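Take a look at the letters that make up each chain.
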Amino acid sequence: MRRTASPLSLILLGLGAFLLVLAPMLAWYVEPRAKRTPVDIDTVTVFKGKGSYFDTEKIKTVHDKNLTVTRQVRGDVDDSEDSGRAVWDVSTSVDPDKSLPAADPHDSLQWTLERWVTNRKTNAPVHCCGEKPYFEGEAYLKFPFDVEKRSYRWWDNTLGATVPLTYRGTKKIQGYEGYRFTATVKAAKTGTRQVPGRMVGQPRKSQVIADEYYANHGIELVADQRTGRIIYAAIGPRKTLRAPGSDKDSTVLLDSERIAFTPATQKEQVKLADDDSGRLKLVGETLPVAAAVLGGVLAVAGSVLLVRGRRGDGANGPGRPGKAAEPGSPNPGTSPTSLQTTTM
């Protein structure tokens, strides 16, 4: 009589096969689809530092003042879902102490409202959905996923062009390691502005179309390698006015050697990066490896039990040692003497 395979061996084999199939699916299918720029974002980052700015009340540049840059990024979920892109509205204000807290952003020293649209997978700019301004490059509010140890083109909105960021190794921010990139921006003309002539060294003229110039003492960005989230940022903006055609600054509108993420912003960005990175690692590495190992163990265990069961069936078959003869069947291997002994 032939026996069937044990249920346990079949269950183990089935579970093992399932996990072995699941492992590459998690790594090659699920994890890449989890790497998508979020659309329901609503975050605030704050930079602080010291510098100079043109005080419109005193009609002169004041120095060594506290400066605060506040940036709020809010995702437009409806437009993002309709377009399949990441649509972010970005409000950025620059304030000295006297305009904080600003009840209205128009009261700030400087305020801009922008709309950034990017490919959710590559972080590349997409020119649709009311994008403002038109921008290019590879990085701005974040880097692409899986940041590489190479140079990146960072979009500088004040300059209106990309700036090459150079990879400078790793740096720990609040105990969390990220990739560090730096750059500087040489003075470049970014536009014109009508101002009183005295602001550009021409007091005899009531109004002059002055040239606006922008430079940056230094840009430093530290990004989480897996997610591309910026966990630390520091900038050194310098905005000035020059007389038409002049190569010398006449009035400083804004100048700071360094304005950087506050400790509170650093901690919040690190927490977000750690959480997001942990989830991607779980789906892309931890679970696939665990599923592959456990699936292999279960498949081997099920196979061993199945083989042992079949061997046991063959060894204990009819007419073989160790298998009792069926009632009423002849058993030539049993002598009358042995029968008498066992029945005494």
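Check the entry above for the structure.
Summarised in this report is the structure supplied together with it. Computed from a predicted model, the values in this text were never measured in an experiment.

### Things to note about the overall build of the protein
Of regular secondary structure, the protein possesses 4 helices and 11 strands. By sequence separation, contacts in the protein at least 24 residues apart represent 57% of the contacts at least 6 residues apart. Surface summary for the protein: the accessible area is close to 19700 Å², and the carbon and sulfur share equals 55%.

### A short note on the pattern of salt bridges
In the structure shown here, the tally under the stated rule is 18 salt bridges. Its salt-bridge partner being Glu57, residue Lys98 comes within 3.5 Å of it at the nearest N-O pair. Separated by 41 residues along the polypeptide, Lys98 in the loop between strand S3 (86-96) and strand S4 (110-118) and Glu57 in the loop between strand S1 (42-55) and strand S2 (60-75) bring together distant segments of the chain. Taking the shortest distance from any N to any O, the salt bridge between Asp76 and Arg115 comes out at 2.8 Å. Of this pair, Asp76 sits in the loop between S2 and helix H2 (77-83) while Arg115 sits in strand S4; the two residues are 39 residues apart in sequence, bridging distant segments of the chain.

### Points about the pairing of strand S8 (residues 208-223)
Strand residues, when the strand is regular, have side chains that alternate between the two faces of the sheet. Counting buried positions along S8 gives 13 out of 16 residues, so the element sits mostly inside the fold. In the sheet, strand S7 (residues 176-195) pairs with S8 via 13 bridges, with the strands oriented antiparallel. Paired with Phe181 across the strands is Leu221, a residue of S8. Of the pairings in the sheet, the one linking S8 to strand S9 (residues 230-235) comprises 4 bridges and is antiparallel in character. Bridge pairing in S9 links Glu220 to Ala234. Here S8 folds back onto S9, and the loop between the two strands holds 6 residues, one of which, Gly228, carries a positive phi near 80 degrees.

### Some words on a positive patch on the surface
On the surface, a cluster of positive charge is contributed by Lys50, Lys58, Lys60 and Lys65. By the element assignment, Lys65 lies in strand S2.

### Focus on the pairing of S2
Sheet topology note: the S1/S2 ladder contains 13 bridges and is antiparallel. Bridging across to S2, Val46 finds its partner in Thr70. Once S1 ends, the chain turns through 4 residues before running back antiparallel as S2, passing Ile59 with a positive phi of about 55 degrees. Where S2 lies against S3, 9 bridges are found, and the strand directions are antiparallel. From the neighbouring strand, Thr70 faces S3, where its bridge partner is Ser93.

### Re the side chain of Ser99
Summarising the element assignment, Ser99 is placed in the loop between S3 and S4. The residues touching Ser99, leaving out its near neighbours within four places in the chain, are Asp107 and Ser108.

### Observations concerning the packing of aromatic side chains
Scanning all chains against the criterion turns up 10 aromatic pairs. Where Trp116 meets Phe135, the ring centres are 4.1 Å apart and the plane angle is 70 degrees; that geometry is what we call edge-to-face. Placement of the pair is Trp116 in strand S4 and Phe135 in the loop between S4 and strand S5 (152-156), with a sequence separation of 19 residues. Among the residues examined, Trp116 registers a relative accessible area of 2% and is labelled buried. According to the relative accessible area criterion, Phe135 is buried, its value standing at 4%. On the numbers, 4.1 Å between centres and 25 degrees between planes, the contact of Trp116 with Tyr140 is stacked. Note that Trp116 is positioned in strand S4 and Tyr140 in the loop between S4 and S5, a separation of 24 residues in sequence. For the pair formed by Trp116 and Tyr140, the shared burial category is buried. Joined through ring pairs, the aromatic side chains of Trp116, Phe135, Tyr140, Trp154 and Trp155 make up one cluster. Over the aromatic face of Tyr232 sits the side chain of Lys171, whose NZ or CZ is 5.0 Å from the ring centroid.

Criteria and cut-off values
- Residues numbered from 1 in each chain as written.
- Predicted model: local features only at pLDDT ≥ 70, side-chain atom pairs only at ≥ 80, totals over all residues.
- Heavy atoms only, no water.
- Helix = DSSP H or I, 4+ residues; strand = E, 2+ residues; numbered from the N terminus.
- Contact = heavy atoms within 4.5 Å.
- Areas by Shrake-Rupley, 256 points an atom, 1.4 Å probe, with all protein chains shown as cover.
- Salt bridge = Lys/Arg side-chain N within 4 Å of Asp/Glu carboxyl O.
- Buried < 20%, exposed > 50% of the residue type's maximum accessible area, 1.4 Å probe, protein only.
- Pairing = 2+ DSSP bridges.
- Patch = residues over 30% accessible without salt bridge, like charges linked within 9 Å, V, L, I, M, F, W, Y side chains within 5 Å.
- Lys, Arg positive; Asp, Glu negative; His and termini not counted.
- Charge placed at Lys NZ, Arg CZ, Asp CG, Glu CD.
- Phe/Tyr/Trp six-rings, centres within 6.5 Å; stacked < 30°, edge-to-face > 60°.
- Lys NZ or Arg CZ within 6 Å of the ring centre and 35° of its normal.

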